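Breakdown of the fold
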Amino acid sequence: MTRGYRSQLAALLKRDLKVALRRRSDVINPLLFLFMVISLFPVAIGPGPDILARIAPGVIWVAALLASLLGLERLFRDDYQDGTLEQLVLLPCPLPLAVLAKILVHWLLTGLPLVLIAPLLALLLNLPLSALPVLLITLLLGTPVLSAVGAVGAALTVSLQRGGAVLSLLVLPLFIPLLIFATAAVESAVFGAPVFGQLLLLASFSILTLTLTPFAVAAAVKVSVN
Amino acid sequence: MWRWLHPYAKGEATYQLLGRWLPWVTALALLSLTVGLVWGLAFGPADYQQGDSYRIIYIHVPAAIFSMGAYAGMAIMAFIALVWQIRTAEWSIAAIAPVGAVLTFIALFTGAAWGKPMWGTWWVWDARLTSELILLFLYAGVMALYYAFEDARTGAKAAGILALVGVVNLPIIHFSVEWWNTLHQGATITKFAKPSMATEMLWPLLISLLAFALMTAAFVMLRLRHEILRHELHRPWVREELLNPKSASADINSQQEQS
């Protein structure tokens, strides 16, 4: 039986990846947006390297947050409209598991590219090189949380006509604890303070959301599909 | 064992029960609010360090505690609504959310007013203040989601799921003063330790706590009654209820107290 689930999940992953990759702009646009937001800050605040280094962790994280909101609305929208979501509910494989596959694909296409271009962003914002590994670890641990918590909001608002505004209203407050821990870790790395504890906290946060949110997303999908 | 609870899944039974309790709860709330606030604001001793400005504690602490208490109540109702599909529980989400949001706002506002003379600033981005602000956003999200759907039941369930997800914020608020080194002081009253305040100050605070609990309950009951009426307008019992002046006396009382 578990073997059956596994092949279903593999098929789901493959399908979601294929569908998402057909629409390259959905993958690239958030990254472009991220770059633009990042480049707005030096223009607005002034190009002083000290100031930029000081605000870099926060700016990168806020930009990552906003960029992850961009594609979020699409997470379940197309599947909802063409009826795929109903088929997903009817699958013999448990819905939280299927939803976890969708979250994973979303992370692969938005979270992972973000982690990959983060060194470039850090360079642009003059973040000290010593803090870069910590920034990458926080992004690696934190972006799955963005995808998972965002999926709850996306599933709740999928049947709404204009869900985007409500979606960001719902999801952003839930991102704040993550933002606090992640930026605190990077900032203490900038000042050379120990960061291990904060990274552990972030990791536990990540594990907790990844295990619990699929159930909330599944419940929300069921409510939305009716 | 739970048989006595079953009738209250129906709107009418809950409406009648709330109607019977509401005058008592309201009267007790008004009484304890008067006693607690007058005692605390006018007759309690002044603080040796903060002078008279500490007196805002009699509003700030109860409002903050019950902003979280209301959220916990809302989350429990959301759980009941999602698991047992009980409609009165769904409506009570809508009844509780605005009351909790106002309590949160009062806590933030009085906190700002207290922070100005004590900390020298209206607002700091400290953990407790930030997490209380998140609570306000969560209430706003629950309300926005509740009314965003065409179908009221879908809205209630979606809001319920959000309310349950947001429960993670409650322990964050509660322990924020212990986990982080914050400007906000630690808890004054804890269950297990001797309270860190003088008895003459403690009593009015405890009475205000009771008063805010009763007041919250009264507002929620009133709102839930209206919510039940709004959703069951098409039922015959509502028509009877509204046209029959005998059993409507409780309504008139509550309206007088409002105005």
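Residues numbered from 1 in each chain as written. Chains lettered and ligands numbered in written order. Predicted model: local features only at pLDDT ≥ 70, side-chain atom pairs only at ≥ 80, totals over all residues. Heavy atoms only, no water.

Just so we agree on the cut-off: UniProt positions are given in the numbering used here, feature names are shortened, and annotations may be inferred rather than shown by experiment.
The name given to chain B in an unreviewed UniProt entry is Heme exporter protein C, with Pseudidiomarina planktonica as the source organism. Note on chain B: under the UniProt heading Function (unreviewed entry), the record states "Required for the export of heme to the periplasm for the biogenesis of c-type cytochromes."

Under an unreviewed UniProt entry, the name given to chain A is Heme exporter protein B, and the organism recorded is Pseudidiomarina planktonica. UniProt lists a comment for chain A under the heading Subcellular location (unreviewed entry), and it reads "Cell inner membrane". The Sequence similarities (unreviewed entry) field of the UniProt record for chain A holds the comment "Belongs to the CcmB/CycW/HelB family."

Some remarks on the packing of helix 7 (residues 132–157) of chain A against helix 9 (residues 196–225) of chain A
Residue and element names in this part refer to chain A. Which entries qualify depends on this criterion: The axes used here are C-alpha line fits, helices contributing only the stretch in contact, and every angle between their N-to-C directions lies in the interval 0 to 180 degrees. Secondary structure follows DSSP: runs of H or I at least 4 residues long count as helices, runs of E at least 2 residues long count as strands, and numbering of each begins at the N terminus. Any angle that falls under 35 degrees is termed roughly parallel, while one over 145 is termed roughly antiparallel, one within 65 to 115 roughly perpendicular, and all others oblique. The crossing is said to be left-handed when, going from far helix to near helix, the turn is anticlockwise and less than a right angle, and right-handed when the turn is clockwise. Side-chain classes follow a simple rule in which Ala, Val, Leu, Ile, Met, Phe, Trp, Tyr, Cys and Pro form the nonpolar group, Asp, Glu, Lys and Arg form the charged group, and the remainder, Gly included, forms the polar group.
Taken N-terminus to C-terminus, the directions of helix 7 and helix 9 make an angle of 15°; their axes are 7 Å apart at the nearest point. As judged from the angle between their axes, helix 7 and helix 9 are roughly parallel. Here helix 7 runs over helix 9; the crossing is left-handed. Grouping the constituent residues of the contact of helix 7 with helix 9 by class yields 20 nonpolar, five polar and no charged.

Considering the environment of B:Tyr15
Residue and element names in this part refer to chain B. Formally: For each residue, the accessible area found with a 1.4 Å probe, counting protein chains only, is set against the maximum for its type, and the residue is called buried under 20%, exposed over 50%, and partly exposed in between.
Take Tyr15: it is sitting in helix 1 (residues 11–43). On the accessibility criterion, Tyr15 (1% relative accessible area) is buried. With 142 residues separating them along the chain, Tyr15 and Lys157 place their C-alpha atoms 21 Å apart.

Remarks on the nonpolar core
The following threshold applies: Put simply, buried Ala, Val, Leu, Ile, Met, Phe, Trp, Tyr and Cys residues joined by side-chain atoms within 4.5 Å make one nonpolar core. By definition in these notes, contact holds between two residues if any of their heavy atoms fall within 4.5 Å.
The biggest cluster of nonpolar side chains holds 138 residues, and the ones touching the most others in it are A:Phe76, A:Leu135, A:Leu156, A:Val217 and B:Met74. By residue number, the principal contributor to this core is helix 7 (residues 199–231) of chain B, which donates 14 residues. Apart from residues lying up to four places away in sequence, B:Met74 is in contact with B:Ile93, B:Ile96, B:Ala97, B:Tyr139, B:Val142 and B:Ala163.

Here we look at the interface of chain B and chain A
For the record, the criterion: A pairing counts as a salt bridge when a side-chain nitrogen of Lys or Arg comes within 4 Å of a carboxyl oxygen of Asp or Glu. As used in this structure description, the phrase polar contact means that two N or O atoms lie within 3.5 Å; if the pair is within protein, one of them must be able to donate a hydrogen and the other to accept it, and residues adjacent in sequence are counted only when both atoms belong to side chains.
On the chain A side, the residues contacting the 20 residues of chain B number 19 residues. Summed over the shared surface of chain B and chain A, the result is zero salt bridges. Applying the counting criterion to the chain B and chain A interface returns zero residue pairs in polar contact (both at pLDDT 80 or more). In terms of residues, the side of chain B that touches chain A owes the most to one element, helix 4 (residues 127–146) of chain B, which gives eight residues. Of the residues that constitute the side of chain B that touches chain A, the class distribution is 14 nonpolar, four polar and two charged.

Focus: the UniProt feature "transmembrane region" (unreviewed entry) in chain A
All names here are of chain A. Listed under "transmembrane region" (unreviewed entry) in the UniProt record, and renumbered for this structure, are residues 27–45, 51–72, 104–125, 131–158, 165–186 and 198–221. Secondary structure content for residues 104–125 is 95% helix and 0% strand, and the end C-alpha separation is 29 Å. Spanning residues 198–221, this segment combines 100% helix with 0% strand, and its end C-alpha atoms are found 33 Å apart.

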